[in-house]
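# Examination of the molecular architecture
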Amino acid sequence: MLFINQHIVCLAIILASLKIYAQPPILSLEIYQTGLTRPTDIQSAGDSRLFVSEIGGKIKIIQNNSILSTPFLDISSKVEDTQWAGINSFAFHPNYAENGRFYVLYIRKPDNVVQLSQFRKSIGNANLADTTETRLLTIPHILNIGHRGGAICFGADGYLYISTGDDADGGRGTVGDPLNNAQNLSKLFGKVLRIDVNANNNTYAIPASNPYQMPNDGIRDEIWARGLRNPWRMSFDRSTGDLWIGDNGQDGWEEIDFLAKDAPSGANFGWRCYEGNHRYLQPVCEDSISMTFPLHEYAGFANNGGAGRSVIGGFVYRGQQFPAMYGHYIYADYISGNFWALRRNPSGGYQNAAQSVTLSSPVTFGEDWQGELYTASFSNGNIYKIKAQNCPTSITLTPFDPITSNNTFNASNSITATNAIANAINVTYTAGNSVELKPGFTAAQGSVFSAKIGTCPTAP
């Protein structure tokens, strides 16, 4: 056994010479809660509760394995909702415990616009929101059934990010984004917006590093990135700060977009010039060298016999219960119900492991306060916990896998690590035959790290 509480440059414990590559996760779904109606988003407020929005205008709380009878928030009278025109997404402020602020993105009645509003928790009841609404940003749409996008989340910089659709109807066989909204910097459609909601005057400011802030340039200062079609879900990796976006394709290709935490503002993800990596329309397209192409794409409706056509972006797993999943981006397809686990390689490229598990209309993913992952079925209203084997054959932890909270990794054969352990946390690696710490592995001052040769503990 090795205990370390100082900075580590390189160390290796090797008790077996057999080379075994990391085993991909094998996902399974366990029903966590039933009884919701067309859920759209799952969020944590930093404690053991899960909050779930319903498209019809309610946010409900799951606490102690049951849904509380009184909704946390009910804005049913304010949403359009014929099918999808309701609450798309919501997010708690990073300092929610202190300031009680949270944000809701919904389709407003009767004008069918996209509305971003601020609410607060009520005084004296943590399970109930104050219904006083502060409208922050309103995005009018031309088409009543146009893509609105619909994800909001906070980045590591403390700013609120908002994804918007291109305002096209997306009909099969039609020309996508006919008004070229996603490339048009005078419009908020087909973009990722970034705003600073940390002021106390119930409004927002523009972050100084947003890319388009020249006076009188005709460009909305909220725009942070462009070139998206229907980015229904996006998320930030809680350990690295990297941004992941699942962008629904037109007819041919579904895509997963990625931006590293330190990527400059002003990315162009290509739509409608490109769908995935493929040229879509030749006119009004700038040189592709300036565009950010997908990390991954897969065949959409026209290229897979109609089997799948709406990617649902997920999360990079950073929880503690399922070490085989650590560092994998979990995502799904709404139509096929298929799931995948994608993992980036530091040397370039990635692995994308298709899963055998399926679900009817997986519409969203969520992350609890400890980093465990959940998904929801829009059609049956169930919330599922995403699980994987808790004792994989082998684990490989790369520089893309910093450990920023207390954790334990167990493997029946081997663990290989070139990752970093953050300051003041406790981490243990246990493997049956070998734990190999290669150059690049570091443990920050104040951390406590132990490497053990032993068997995986019995699952509860």
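Above this text you will find the structure in question.
Residues numbered from 1 in each chain as written. Predicted model: local features only at pLDDT ≥ 70, side-chain atom pairs only at ≥ 80, totals over all residues. Heavy atoms only, no water.

### A word on the packing of aromatic side chains
Each aromatic ring pair is characterised by the separation of its centres together with the angle its planes make. Evaluated as defined, the whole model comprises 26 aromatic pairs. With a centroid separation of 5.1 Å and an interplanar angle of 55°, the aromatic rings of Phe 441 and Phe 449 are classed as tilted. Among the residues examined, Phe 441 registers a relative accessible area of 0% and is labelled buried. Across the ring face of Tyr 326, the terminal group of Arg 318 is positioned such that the distance to the ring centre comes to 4.9 Å. In this structure, Arg 344 packs its charged tip against the face of Phe 400, placed 3.8 Å from the ring centre. (Phe/Tyr/Trp six-rings, centres within 6.5 Å; stacked < 30°, edge-to-face > 60°. Buried < 20%, exposed > 50% of the residue type's maximum accessible area, 1.4 Å probe, protein only. Lys NZ or Arg CZ within 6 Å of the ring centre and 35° of its normal.)

### Brief notes about the sheet that holds strand S28 (residues 362–367)
Within a sheet, adjacent strands bond to each other through the backbone by hydrogen bonds, running parallel or antiparallel. Taken in spatial order, the four strands make up an open sheet running S3-S30-S29-S28, and their pairing is antiparallel. Either end of the sheet is taken by a strand with one partner, and the two such strands are strand S3 (28–33) and S28. Shown here is a sheet whose adjacent strand axes are inclined to one another by a mean of 35°, direction ignored. In the sheet, strand S29 (residues 373–377) pairs with strand S30 (residues 383–387) via three bridges, with the strands oriented antiparallel. Paired with Tyr 374 across the bridge in S30 is Lys 385. (Pairing = 2+ DSSP bridges. Helix = DSSP H or I, 4+ residues; strand = E, 2+ residues; numbered from the N terminus. Axes fitted to C-alpha atoms, helices over the stretch in contact; angles between N-to-C directions.)

### Overview of the sheet that holds strand S27 (residues 350–358)
With respect to topology, four strands assemble into an open sheet ordered S24-S25-S26-S27, the strand pairing being antiparallel. What marks the edges here is a single partner per strand, and that holds for strand S24 (311–316) and S27. Averaged over all pairs of adjacent strands, the angle between strand axes in this sheet comes to 25°, irrespective of strand direction. Note: S24 against strand S25 (residues 329–333), four bridges, orientation antiparallel. Each residue of the ladder has a partner; that of Ile 312, found in S25, is Ala 332.

### Let's talk about the pattern of salt bridges
For the structure on display, the rule yields 13 salt bridges. For Lys 60, the salt bridge is made with Glu 54, and the minimal N-O distance between the two is 3.2 Å. For the pair Lys 60 and Glu 54, one class covers both residues: buried. In this structure, Arg 194 and Asp 157 form a salt bridge, with 3.1 Å as the shortest nitrogen-oxygen distance. (Salt bridge = Lys/Arg side-chain N within 4 Å of Asp/Glu carboxyl O.)

### Focus: the state of the cysteines
With the rule as written, the count across this model stands at one disulfide. The side chain of Cys 391 participates in a disulfide bridge whose partner is Cys 456; the two sulfur atoms lie 1.9 Å from each other. Classification of the bridge connecting Cys 391 and Cys 456 rests on its S-S torsion, roughly 70°, and on that basis the disulfide is right-handed. With a gap of 65 residues between them, Cys 391 in the loop between S30 and strand S31 (394–397) and Cys 456 in the segment after strand S38 (448–453) connect regions that are remote in the sequence. The exposure class assigned to Cys 391 is partly exposed, which follows from its relative accessible area of 28%. (Disulfide = S-S within 2.5 Å.)

### Thoughts on unusual backbone geometry
Trans peptide bonds make up the majority, and among non-glycine residues the majority have a negative phi. The peptide bond linking Lys 109 to Pro 110 adopts the cis configuration, its omega dihedral lying at 0°. As for its position among the elements, Pro 110 is in the loop between strand S10 (101–107) and strand S11 (114–121). Residue Asn 65 is not a glycine yet carries a positive backbone phi of 65°. Judged by its relative accessible area of 61%, Asn 65 is exposed. One non-glycine residue with positive phi stands out, namely Ser 361, at about 45°. Structurally, the position occupied by Ser 361 is in the loop between S27 and S28.

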